[in-house]
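Report on the structure
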Amino acid sequence: MWRLPSVRAALRGVRTVAERRGRAEPVTETAAGTMERAVVRCVPSEPKLSLSFPLADGSHKNMQRDQSEPLGRALSRIATNALKGHAKAVAAKKSRKNRPNASSGAAGAGPGLEPGTSCEPVVKLYYREEAVAEDVLNVDAWQDGAVLQIGDVKYKVERNPPAFTELQLPRYIMAGFPVCPKLSLEFGDPAGSLFRWYREAKPRASDPEGEGTSSLPPASPSPSWTETGVNERVYAPTNADIGLRLKLHCTPGNGQRFGPSRELESVCPVEAGPGTCTFDHRHLYTKKVTDDSLIRTVSYNILADTYAQTEFSRTVLYPYCAPYALELDYRQNLIQKELTGYNADLICLQEVDRAVFSDSLVPALEAFGLEGVFRIKQHEGLATFYRKSKFNLLSQHDISFQEALESDPLHKELLEKLASYPLAQERVFQRSSVLQVSVLQSTKDSSKKICVANTHLYWHPKGGYIRLIQMAVALTHIRHVSCDLYPGIPVTFCGDFNSTPSTGMYHFVISGSIPEEHEDWASNGEEERCNMALTHLFKLKSACGEPAYTNYVGGFHGCLDYIFIDFNALEVEQVIPLPSHEEVTTHQALPSVSHPSDHIALVCDLKWK
């Protein structure tokens, strides 16, 4: 009888009802042939373990038992449940016999039970061909490779095998656009898992010879599937898939073993894509991931669904955009394809819905080697992704502008200046804008670190002075991180700054100062004027220059987005050209069926100096 080495041999196991009624012989895997799985999940942080195994009638048994409980009690409960299952099967058999035209076949009697059996079955657990003593605690008894015997049925115990805790396909799938399943794993990782994609076989003609005139409706046969030949996590449907559903067969793994497989079928068939998109030509410049000396950086306001799906957006802001092209399911396909096609090392996104981050962006970008962090604002927020092969995340230093200004001593001097203008101060404190700051370290050279900042400043056209104050708070905070916490590390500051190159905010960033007489201090009229002189010590420039526009809607176009870099430490190797004006205006303005946002992504390759 098997015991843990620490359990004294003098201890005797408690005999269960099952053992008293019959002595079971040890089972080996060779004797059992191919055994069903009994999956045990047991983690130190939880008081209970779970046990799951299939029954002979096709159902599945799931149990929760205390880890500190003696094995004998768990086996006794399994025996009781098996007997209950047998009783139900007998009752079902009697019910069928009493019905007219009932089948004469015997009903399933449950695991290891003969139809006439009424006593509890023999239930034993074996490890290394020896019965496990019943006073051994569950946490120690249910070892990987053990064999559970219930009557004559044997199960191979798999403790903490790789398993999917979440697995989901997107609802809307288009030809030519990558399908990235959302998945979460326990005790495994996607790289060690197996994936196989299938497409639905084309429907067969039900009566090719024209014979058979039954008035009954034809039965709906189960769909048949053919392999696509793609055995990777991401699948890009082709035109041959249009009108057909997809199926994903996936087996979780960790590089050493595999867990139970699962299958997913798409809800809807593959739709036709929109044809050429605004970013297709840009992808010609970004076919490969850059080498270690470069950092391909993207900044992009992807248009939050919470703003796109309003009556105001559909009728006033974007009346030229086809309604279906404003739907999130449609736009997510375009966003995923655009972002993955840039092969970026850093991606800073604005207007990111929380669900879009977790359900769409993380699965898509993770499949292409990026990891992300998220900072909520109110209804949407900021996301920063980094290539895992190039960077490790050292720390995060996110702030709310309003909270930092009110409570952080770093901003005491600015707060004192603002206090002289109560109405302006009140307006500033009403804003919910946030700043996301991440410190990354090179995986190849630990001495190389970079401070990546990401923000979305207040949007209102008359909010120039609010954006100036938000930027002052941002730069002071970033300097604290890049000079005090991590002395001397370079800075990349991405975002939608809602400021054209002619504004005070842009002048402040580039020149390092803003005079108190600048007109933007009275951007919302004399009542809210708040004259103050501000300075900062960074040497920043716009890596992508000053494009004619990064935002193009029916009533406005202008440059609002920037990638500011510390030009003492970083230099620009390449700027990926923006879409041509013809491409942008093909459908009048943005967003459109070929572009998912009202903004245009900025993409450039930066180089360490």
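Reading guide: rules and limits
- Residues numbered from 1 in each chain as written.
- Predicted model: local features only at pLDDT ≥ 70, side-chain atom pairs only at ≥ 80, totals over all residues.
- Heavy atoms only, no water.
- 1 Å grid on protein atoms, 1.4 Å probe; cavity = no way out; pocket = protein on both sides within 12 Å on 5 of 7 lines; lining within 4 Å.
- Points joined across faces, edges and corners; volume = space filled by probe spheres on them.
- Helix = DSSP H or I, 4+ residues; strand = E, 2+ residues; numbered from the N terminus.
- Nonpolar A, V, L, I, M, F, W, Y, C, P; charged D, E, K, R; others polar.
- Salt bridge = Lys/Arg side-chain N within 4 Å of Asp/Glu carboxyl O.
- Buried < 20%, exposed > 50% of the residue type's maximum accessible area, 1.4 Å probe, protein only.
- Arc of directions from axis to C-beta.
- Contact = heavy atoms within 4.5 Å.
- Polar contact = N/O pair within 3.5 Å; in protein donor to acceptor, adjacent residues only side chain to side chain.
- Core = buried A, V, L, I, M, F, W, Y, C linked by side-chain atoms within 4.5 Å.
- Pairing = 2+ DSSP bridges.
- Axes fitted to C-alpha atoms, helices over the stretch in contact; angles between N-to-C directions.

Some points on the layout of surface pockets
- By volume, the largest pocket amounts to about 1100 Å³.
- Along the wall of the largest pocket there are 45 residues; nearest its centre are Glu 351, Trp 459, His 460, Pro 461 and Asn 498.
- Top contributing element to the lining of the largest pocket by residue count: helix α6 (residues 311–317), with 4 residues.
- Looking at the lining of the largest pocket, its residues break down into 16 nonpolar, 21 polar and 8 charged.
- Reported here for the second largest pocket is a volume of approximately 400 Å³.
- Lining the second largest pocket are 21 residues, and of these Val 39, Ser 52, His 60, Ala 163 and Pro 260 lie nearest its centre.
- Residue assignment for the lining of the second largest pocket shows that the elements contributing at least two residues are β1 (36–41), β2 (48–54), β3 (60–66) and β8 (163–168).
- For the lining of the second largest pocket, the leading source of residues is β1, giving 5 residues.
- Class assignment for the residues of the lining of the second largest pocket results in 10 nonpolar, 6 polar and 5 charged.

Quick look at the pattern of salt bridges
- This structure, assessed with the given rule, holds 23 salt bridges.
- The shortest N-O distance in the salt bridge between Lys 48 and Asp 66 comes to 2.8 Å. Taken as a pair, Lys 48 in strand β2 and Asp 66 in strand β3 lie far apart in primary sequence, 18 residues in all.
- The class for Lys 48 is partly exposed, based on a relative accessible area of 37%.
- Of the charged contacts, one joins Arg 199 and Asp 241 as a salt bridge, the two residues approaching to 2.4 Å between their closest N and O atoms. In this pair, Arg 199 is assigned in strand β10 (residues 194–200) and Asp 241 in the loop between β11 (225–227) and β12 (246–251), connecting sequence segments 42 residues apart.
- Arg 199 sits in the buried class, given a relative accessible area of 19%.
- Taken together, the shared-partner salt bridges in this structure form one network comprising Arg 41, Glu 46 and Glu 186.

Quick notes on helix α12 (residues 422–430)
- Within the span of α12, buried status applies to Ala 424, Gln 425 and Val 428. Each buried residue of α12 sits inside an arc of 100° when the element is viewed along its axis, so together they form one side.
- Buried residues in α12 make contact with α10 (401–407), α11 (412–418) and α13 (464–485).

With respect to the side chain of Thr 297
- Residue placement: Thr 297 occurs in strand β14 (residues 294–301).
- Looking at Thr 297, its side chain comes within polar contact range of the main-chain oxygen of Ile 295, at 3.3 Å.
- Residues within four places of Thr 297 in sequence aside, it is in contact with Leu 346, Thr 492, Cys 494, Ile 563, Leu 602, Val 603, Cys 604 and Leu 606.

Let's talk about the nonpolar core
- Formed by 45 residues in total, the largest nonpolar core has its most connected members in Leu 435, Ile 469, Met 471, Ile 478, Phe 493 and Trp 521.
- Residue contacts for Trp 521: discarding those within four places in its chain leaves Tyr 465, Leu 468, Ile 469, Ile 514, Pro 515, Glu 516, Glu 528, Arg 529, Cys 530, Asn 531, Met 532 and Leu 534.
- Core analysis: the second largest hydrophobic core is formed by 42 residues, Ala 325, Ala 344, Val 352 and Leu 361 among them.

Remarks on empty space enclosed by the protein
- Considering all chains together, one arrives at 1 cavity of 30 Å³ or more under this definition.
- What the largest cavity holds in volume is close to 40 Å³.
- Along the walls of the largest cavity sit Phe 401, Gln 402, Leu 405, Val 428, Arg 431, Ile 469, Gln 470 and Val 473, which together make up its complete lining.
- Split into classes, the residues belonging to the lining of the largest cavity amount to 5 nonpolar, 2 polar and 1 charged.

Some words on the pairing of strand β21 (residues 449–456)
- Burial analysis of β21 places 7 of its 8 residues in the buried class, the great majority of the element.
- For strand β20 (residues 434–442) and β21, the ladder comprises 7 bridges, and the chain directions are antiparallel. Its bridge partner being in β21, Gln 441 is matched across the sheet by Lys 449.
- The turn joining β20 and β21, which pair antiparallel and follow one another in sequence, is formed by 6 residues.

Things to note about the environment of Val 132
- As for its placement among the helices and strands, Val 132 is situated in the loop between β5 (130–131) and α4 (138–141).
- Taking relative accessible area as the criterion, Val 132 reaches 1% and is therefore assigned buried.
- Linking Val 132 and Leu 71, residues 61 residues apart in sequence, is a C-alpha distance of 8.3 Å.

Observations regarding the sheet that holds β11
- Read across the open sheet, the 4 strands follow the order β11-β10-β12-β13; overall the sheet is antiparallel. Since the sheet does not close on itself, it has two edges, and those belong to β11 and β13 (262–265), each with one partner. Across the sheet, the mean angle separating the axes of adjacent strands is 30° when strand polarity is ignored.
- In this sheet, β11 lies alongside β10 in antiparallel orientation, the contact comprising 3 bridges. What sits directly across from Glu 200, in β11, is Trp 225.

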